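Single-letter residue listing:
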Amino acid sequence: MSAKLAIEAREGSIRVKGKQKSQLQCDADSIAGAVSQRACVYSGARVVLNPITDAIHLVHGPIGCASYTWDIRGSLSSGSELFRNSFSTDLQEEDVIFGGEKKLARCIDELALKYKPSLMFVYSTCVVGVIGDDITAVCKQAEQKHQIKVVPVQSSGFAGNKSAGYRAACDALLQLIKSEGEPTAQSRKINYLGDFNLAGEAWIIRNYLREMGVELNATFTGDSSYASLRRAPAACLNIMQCAGSMTYLAQEMERVYNIPYMRVSFLGIEDTSRSLREIAAALNDKEISEKTERLIERETAEIRSLIEGYRVPLQGKKAAVFVGGGFKAVSLIKQFREVGMEVVMIGTQTGKQDDYDSMYSLACDGTVILDDANPSELERFILQQGADLLVGGVKERPLAYKLGISFIDHNHERKHPLSGFAGAVNFAQEVYSTLCSPVWNYV
Amino acid sequence: MEKQTLSYRSVTENPCKMCMPMGGILAFKGVERSMVLLHGSQGCSTYMRRHIAEHFNEPIDVGSSSLNEKGTIYGGEKNLRQGLDNLIKVYNPSLIGVLTTCLAETIGEDIDRVASAYLQERGQEEFPIVTVSSPGYGGSEFEGYWMTLTRIVTKLAQKVEKHNKVNIIVPFISPADIRELKRILQLMKIEYTLLPDFSDTLDQPFARPYKRIPDGGTKLRDIARMSGAPGTIQLGVCVAEGISPGKYLEDTFGVPLYNLPIPMGIENTDRLVNVLQEFSGRATPKSLLQERGRLLDAMIDSHKYNFQGRSVIFGEPELVYAVTKTCLENGVFPVVVSSGSKNAKLPELLKAQLEQVPQQMHFLNGGDFAGILAKSEGANIAIGSSEGKYLSEKAGMPLVRIGFPIHDRVGGQRLLSVGYTGTAMFLDRITNTLLEHKLANYRHNVYEKFYPGTKTVTEG
């Protein structure tokens with residue numbers, strides 16, 4: 001970095017590959033007034049649990065938290081659409097003064113009667129955490145009254161950052177899958193953790209696995225249901241994509257149910273192929289391995305020329321990346337190389353130390369690596385590094401466009417899959433469409 | 001029994017409103033070189049930034065004091081001060097708005113005291129920090145917006161000599177609507193101070209170099225002089241007196257208040273033009289009369305198509321009132337009128353109007369989308385924000401998008417709906433949506449209704 005940052009405390013969270021040896025600071029609280037791109041505990045919990053299709057998601061708090069999260073994610077369902085509603089206790093001033101437990105109980109009753117769900121999540125918000133409503137007790141009573149599962153999610157916004165919300169979601173999921181009777185017999189099936197079936201991505205992976213001779217047991221949480229999640233202990237292996245949100249769940253399932261886990265990523269040809277091979281190897285079955293090789297060979301052959309076609313005009317362009325979690329960022333470095341591009345700036349909202357170590361070792365010299373960046377830092381390093389394109393979410397998009405550079409949506413709202421071989425083609429096509437659009441001739 | 005459980009619900013199912021700080025941010029966005037700091041946990045600012053950015057396709061930078069557990073237990077003063085420091089360092093704003101959130105209000109933060117102590121210690125007592133108490137549970141974005149405007153005017157307006165610039169205070173309409181109002185004011189040769197003016201800040205032309213705080217917004221020195229205006233035209237008939245900036249200016253500085261509805265529809269636009277004429281003392285320019293004539297012409301051209309429309313109107317009370325009035329003028333009679341937040345003035349305003357409706361009509365004061373859907377039988381067009389896509393999905397009702405947010409289409413900032421010309425464009429959107437729906441279905445519908453009968457006759 002040539003000039004000092006306006007906010008000195010941010011210096012530790014930014015590194016340049018090849019220049020500074022000290023470790024990057026991450027996984028810490030955001031700095032007040034820094035305009036962090038992160039959301040809150042509730043947001044982290046809601047993102048992870050929302051794709052559970054047949055659940056009622058009831059937000060216990062004032063209206064905003066439910067309003068801003070209503071049906072904004074692109075998770076697809078093969079069954080119930082109940083999860084696409086946003087329910088709220090819409091707490092008012094008098095509820096905050098006198099307590100909101102009674103209103104919460106009434107809301108649960110009404111929803112249980114109207115929708116007859118088998119599963120309900122009750123999210124706590126900032127206010128609830130302060131006024132001390134005992135949502136666990138209310139949920140327990142409601143469970144008995146309605147004979148359904150009502151799971152409290154401890155997601156008061158101030159109690160940590162988005163990562164704490166992931167943890168709260170994992171705690172809720174663990175409550176769900178807790179088997180009360182005999183321990184479930186393990187099968188040859190596997191669970192898939194950390195795919196939210198955005199634009200059907202989990203379906204793409206399920207098809208690959210099926211072709212390899214591997215059956216998916218439960219997916220956390222894309223296109224899942226109460227029944228499918230409860231079957232989770234019957235798996236022999238957990239594969240985990242979004243490690244940022246799911247590592248705790250994977251560790252607990254290993255501890256409690258003896259299910260080992262491994263990290264995978266289905267972003268890009270390289271990581272998809274490697275992940276499929278590693279799954280086959282972990283299952284230690286010759287037939288599965290052979291089928292896997294045939295699948296990879298066929299799929300890569302089909303898309304190679306397509307990707308090559310995009311590579312020519314994209315060769316030498318520079319990308320900046322700022323996404324939510326670490327696995328995406330790491331894969332994107334490799335995926336951009338597949339289309340002939342280098343990443344010159346990369347960061348995440350909630351990446352962990354090992355994610356940043358991977359980014360550091362993969363990135364080329366001079367790449368700026370940053371954690372919990374804000375708009376002014378993104379602006380500065382995009383310009384300084386000469387990036388032609390930014391990868392990010394809804395908040396980052398207008399910044400890229402105002403800076404006059406291209407943009408790739410890599411968030412939970414997208415409507416086309418970016419996973420697997422099909423996703424690799426979509427990715428290349430999207431990069432091409434934004435970098436080679438004629439509009440840039442006019443700005 | 002069934003009826004009882006349906007008529008009163010505790011739970012909100014798919015909200016048709018947002019929270020107070022949202023309105024506060026939007027109001028501050030119309031003030032020159034301003035920045036906002038939300039005093040609360042990090043999520044509030046991020047969610048609201050996302051919500052606004054997706055509608056306007058503009059970078060929306062809003063600070064947060066990022067309260068964590070420690071700040072919640074021991075008080076958030078340190079975070080608030082650090083937040084102010086950092087916002088000033090990075091953005092160098094001319095004004096900072098501090099909005100509280102649920103969290104800050106519940107733990108009892110005294111933002112006024114912190115802000116003045118902060119400025120005093122730095123010897124910057126002149127720097128305007130406008131504090132607004134806006135807990136999410138205290139009201140919706142509508143109240144947050146108007147309360148913030150009142151706080152801005154209260155903070156900045158000084159006793160000044162009388163001058164000739166008329167105050168124009170606008171609700172949360174589109175940037176295109178604001179530009180249209182300014183054009184009309186210019187046509188009428190009226191000098192004005194328009195607050196809040198987000199016509200540029202939330203719809204910024206592409207230009208290099210990038211500016212972290214976009215150009216535009218009502219100038220601070222103009223707001224300071226609103227107290228000397230010959231009058232205030234406030235487009236806010238649904239605004240309660242306690243949060244009415246126009247009322248404040250009238251009570252404190254004796255500036256006469258003309259509280260008018262959003263100029264949508266013939267009658268409401270006439271009302272604005274008549275008041276403007278009072279101020280200008282000149283006849284209405286011919287070109288504006290031509291626009292009025294063209295609107296009448298469009299209303300006649302489309303009246304039979306429009307009479308087929310039965311509408312569901314939802315959203316912020318001020319917009320709901322204007323849209324309802326426009327629909328009534330054109331025979332697009334409402335089946336449901338629903339204000340997202342509970343509003344004390346709207347029922348009275350609508351009462352006489354809605355007596356014209358020839359069929360059964362439901363008014364929901366503070367309705368959610370489940371409630372709207374339950375009452376919408378017989379309606380064939382929904383009018384409001386993109387959240388109304390729920391009605392399209394559930395009941396096949398086409399949606400004419402207006403207001404905020406519009407997340408599933410581009411161009412919310414460019415939607416023009418005010419004045420004679422804007423009304424004509426808004427009406428065209430309604431008529432064309434009805435036509436599109438009719439043309440897509442009439443062959444099939446007529447076939448289904450009559451053809452099977454002819455078959456029986458010939459075959460029988």
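This text follows the structure it describes.
Scoring rules and cut-offs
- Residues numbered from 1 in each chain as written.
- Chains lettered and ligands numbered in written order.
- Predicted model: local features only at pLDDT ≥ 70, side-chain atom pairs only at ≥ 80, totals over all residues.
- Heavy atoms only, no water.
- Helix = DSSP H or I, 4+ residues; strand = E, 2+ residues; numbered from the N terminus.
- Rg over C-alpha atoms; globule rule 2.2 N^0.38 Å.
- Buried < 20%, exposed > 50% of the residue type's maximum accessible area, 1.4 Å probe, protein only.
- Contact = heavy atoms within 4.5 Å.
- Areas by Shrake-Rupley, 256 points an atom, 1.4 Å probe, with all protein chains shown as cover.
- Lys, Arg positive; Asp, Glu negative; His and termini not counted.
- Charge placed at Lys NZ, Arg CZ, Asp CG, Glu CD.
- Pairing = 2+ DSSP bridges.
- Axes fitted to C-alpha atoms, helices over the stretch in contact; angles between N-to-C directions.
- Disulfide = S-S within 2.5 Å.
- 1 Å grid on protein atoms, 1.4 Å probe; cavity = no way out; pocket = protein on both sides within 12 Å on 5 of 7 lines; lining within 4 Å.
- Points joined across faces, edges and corners; volume = space filled by probe spheres on them.
- Nonpolar A, V, L, I, M, F, W, Y, C, P; charged D, E, K, R; others polar.
- Parallel < 35°, antiparallel > 145°, perpendicular 65-115°, else oblique.
- Left-handed = near helix turned anticlockwise from the far one by under 90°.
- Buried area = accessible area lost by both parts, 1.4 Å probe.
- Salt bridge = Lys/Arg side-chain N within 4 Å of Asp/Glu carboxyl O.
- Phe/Tyr/Trp six-rings, centres within 6.5 Å; stacked < 30°, edge-to-face > 60°.
- Lys NZ or Arg CZ within 6 Å of the ring centre and 35° of its normal.

## Overview of the overall build of chain B
When its secondary structure is counted, chain B shows 18 helices and 14 strands. A compact globule built from 460 residues should have a C-alpha radius of gyration of about 23 Å, and chain B, at 24 Å, falls within 12% of that. Each of the 460 residues in chain B was classed as buried or not, and the buried ones make up 61%. Partitioning the contacts of chain B with sequence separation of at least 6, the portion at a separation of at least 24 is 75%. With the model as given, the accessible surface of chain B reaches about 18800 Å², and the carbon-plus-sulfur share is 51%. Both charge centroids of chain B, one from 51 positive and one from 50 negative side chains, sit 3 Å from each other.

## What to know about the sheet that holds strand β3 (residues 87-88) of chain A
Taken in spatial order, the 5 strands line up as β5(A)-β4(A)-β2(A)-β3(A)-β1(B) in an open sheet, and their pairing is mixed. With partners counted over all chains shown, the strands left at the sheet margins are β5 (149-153) of chain A together with β1 (12-13) of chain B, one partner each. Contacts from helix α1 (residues 41-49) of chain A reach β2 (55-60), β4 (119-124) and β5 of chain A, with the element oriented near 165° to β4 of chain A. In the packing of helix α6 (residues 135-146) of chain A onto the sheet, contacts are made with β2, β4 and β5 of chain A, and the angle to β5 of chain A comes to roughly 175°.

## Here we look at the state of the cysteines
All names here are of chain A. Scanning all chains against the criterion turns up 0 disulfides over all chains. Sulfur of C40: no disulfide; nearest cysteine sulfur belongs to C126 and is 6.4 Å away. Judged by its relative accessible area of 7%, C40 falls in the buried class. In this structure C170 is a free cysteine whose sulfur lies 9.4 Å from that of C242, the closest cysteine sulfur available.

## Describing empty space enclosed by the protein
Per the stated rule, a full pass over the model turns up 9 cavities of 30 Å³ or more. Of the volumes computed, that of the largest cavity is approximately 590 Å³. Taken together, 39 residues form the lining of the largest cavity, with R73, K162, K328, N411 and H412 of chain A sitting closest to its centre. Of all the secondary structure elements, the ones that give two or more residues to the lining of the largest cavity are α1, α7 (162-177), β6 (190-195), α10 (243-257), β10 (318-323) and α13 (326-338) of chain A together with α3 (42-56) of chain B. At 3 residues, α3 of chain B tops the list of elements feeding residues into the lining of the largest cavity. Counted by class, the lining of the largest cavity contains 12 nonpolar, 17 polar and 10 charged residues.

## Some thoughts on the sheet that holds strand β12 (residues 362-365) of chain B
One key point about sheets: their strands pair by backbone hydrogen bonds, in either a parallel or an antiparallel sense. Residues and elements named next belong to chain B. If you trace the 5 strands from one edge of the open sheet to the other, you get β12-β11-β10-β13-β14, paired in parallel fashion. The outermost strands of the open sheet, each flanked by one partner alone, are β12 and β14 (399-401). Each strand of the sheet is rotated relative to its neighbour by a mean of 15°, with strand direction disregarded. Sheet topology places strand β11 (residues 334-339) next to β12; 4 bridges connect them, and they run parallel. When the bridges of β12 are listed, S339 appears paired with N365.

## Some points on the packing of helix α2 (residues 20-28) of chain B against α3 of chain B
Residue and element names in this part refer to chain B. Closest axis-to-axis distance for the α2/α3 pair is 10 Å, and the angle between their directions is 55°. Taken together, the axes of α2 and α3 lie oblique to each other. Where α2 crosses over α3, the two elements pack in a sense that is right-handed. On the side of α2, the interface is formed by P21, M22, I25 and L26, while α3 contributes M48, H51 and I52.

## Concerning the interface of chain A and chain B
On the chain B side, the residues contacting the 66 residues of chain A number 63 residues. Buried surface at the junction of chain A and chain B, summed over both partners, amounts to about 5600 Å²; 60% is from carbon and sulfur atoms. Considering only the side of chain A, the residues that lose the most area to chain B are Y68, W70 and K402 of chain A, jointly responsible for 16% of the buried surface there. Linking chain A with chain B are 7 salt bridges. A salt bridge links D71 of chain A to K389 of chain B; the shortest N-O distance between them is 4.0 Å. At 7 residues, the largest contribution of residues to the side of chain A that touches chain B is made by helix α4 (residues 101-115) of chain A. For the side of chain A that touches chain B, the class distribution of residues is 35 nonpolar, 16 polar and 15 charged. Of the pairings in the sheet, the one linking β3 of chain A to β1 of chain B comprises 2 bridges and is antiparallel in character. Of the residues in β1 of chain B, the one forming a bridge with F87 of chain A is E13 of chain B.

## Things to note about the packing of aromatic side chains
Per the stated rule, a full pass over the model turns up 23 aromatic pairs over all chains. Between Y42 of chain A and Y123 of chain A, the aromatic rings sit 5.7 Å apart at their centres with planes inclined by 90°, giving edge-to-face as the arrangement. One end of the pair, Y42 of chain A, is in helix α1; the other, Y123 of chain A, is in strand β4, with 81 residues separating them in the sequence. Both residues of the pair, Y42 of chain A and Y123 of chain A, count as buried. Centre to centre, the rings of F56 of chain B and F172 of chain B are 6.1 Å apart; their planes meet at 75°, and the pair counts as edge-to-face. Separated by 116 residues along the polypeptide, F56 of chain B in helix α3 and F172 of chain B in the loop between β6 (166-169) and α9 (175-187) bring together distant segments of the chain. Assigned by exposure class, F56 of chain B and F172 of chain B land together as buried. Three or more aromatic residues joined by ring pairs make a cluster, and in this case those are F56, Y145, W146, F172, F198 and F404 of chain B. Note that R167 of chain A overlies the ring of Y248 of chain A, its terminal NZ or CZ placed 3.7 Å from the centroid.

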